[in-house]
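# Inside the fold
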Amino acid sequence: MTTFTTEDRINAEIEPIPFFGVVVINSEKIRVYRFKSWDAEDDNHFQLSEFYASRQFIEQLHHVSIIEHDFIVVDSLLLDHLGRYFIETP
C-alpha cells in the first residue's frame, strides 16, 4: 500500500464513496504530479510523463524531476498500487 506525506494530502471532508458495492469512508484526497525524465548523457533532451504520480513514486525514479506546478488532486482510491494516475487523452 502506498503511503503519502502530509504535504501531499489535501484537507477536505471525505464523503462515503460507493466502491464495488462497499462504502469506503477512509479515502483521502492527494496531489499527483507530472514529471519529466531526461537522458543521462544529454541534459537538453527530456520527455514528459504520460501519467501523473505520487511524489513517493517519482522520488524512486532516476533522472527525473517533479513538475511542481503541474499537479491535480485525486482520490487516493484512483491510484494504482504504485501510486500512478492515468488520465484519458482524446
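Our subject in this report is the structure included herewith. (Residues numbered from 1 in each chain as written. Predicted model: local features only at pLDDT ≥ 70, side-chain atom pairs only at ≥ 80, totals over all residues. Heavy atoms only, no water.)

### Side note on the overall build of the chain
Convention followed: A run of DSSP states H or I qualifies as a helix once it reaches four residues; a run of E qualifies as a strand once it reaches two. Both are numbered from the N-terminal end. Residue exposure (1.4 Å probe, protein chains only): buried if accessible area is under 20% of the type maximum, exposed if over 50%, otherwise partly exposed. With residues, only the protein chains shown are counted as cover, and all accessible areas are computed by Shrake-Rupley using a 1.4 Å probe.
A count of helical and extended segments in the chain gives 1 helix and 8 strands. Each helix (α) and strand (β) of the chain, taken in turn from the N terminus, gives the series β-β-β-β-β-β-α-β-β. Here the chain holds 90 residues, and the buried ones make up 29% of them. Approximately 6,800 Å² of the chain is accessible, and the part contributed by carbon and sulfur atoms is 53%.

### Some points on the nonpolar core
Generally speaking, a soluble globular protein has its nonpolar side chains buried in company with each other. Under the convention used in this document: What we call a nonpolar core is a set of buried Ala, Val, Leu, Ile, Met, Phe, Trp, Tyr and Cys residues that are connected through their side-chain atoms within 4.5 Å. The contact rule is simple, with two residues in contact once any of their heavy atoms fall within 4.5 Å.
In terms of nonpolar packing, the biggest core is built from 8 residues, these being Tyr33, Phe35, Phe51, Ala53, Phe57, Ile58, Val64 and Ile66. When contributions to this core are tallied by element, the ones reaching two or more residues are β4 (29-39), α1 (55-59) and β7 (64-75). Those residues in contact with Ile58, other than ones at most four positions away along the chain, are Tyr33, Phe35, Ala53, Val64 and Ile66.

### Remarks on the packing of aromatic side chains
Selection criterion: Here a pair means two rings of Phe, Tyr or Trp (six-membered ring of Trp) with centres within 6.5 Å. Their orientation is stacked below 30 degrees between planes, edge-to-face above 60, and tilted elsewhere.
Going through the model one piece at a time under the given rule, you end up with 4 aromatic pairs. Each ring, one from Phe35 and one from Phe51, has its centre 5.6 Å from the other, and the planes form 70 degrees; the classification is edge-to-face. Note that Phe35 is positioned in strand β4 and Phe51 in the loop between β5 (42-48) and β6 (52-53), a separation of 16 residues in sequence. With respect to burial, Phe35 and Phe51 carry one shared label: buried. Seen from their ring centres, Phe51 and Phe86 are 5.0 Å apart, and the 45 degrees between their planes marks the pair as tilted. Highlighted residues: Phe51 in the loop between β5 and β6 and Phe86 in the segment after β8 (84-85), separated in sequence by 35 residues. Judged by relative accessible area, which is 14%, Phe51 ranks as buried. One aromatic cluster is present, formed by Phe35, Phe51, Phe57 and Phe86 through successive ring pairs.

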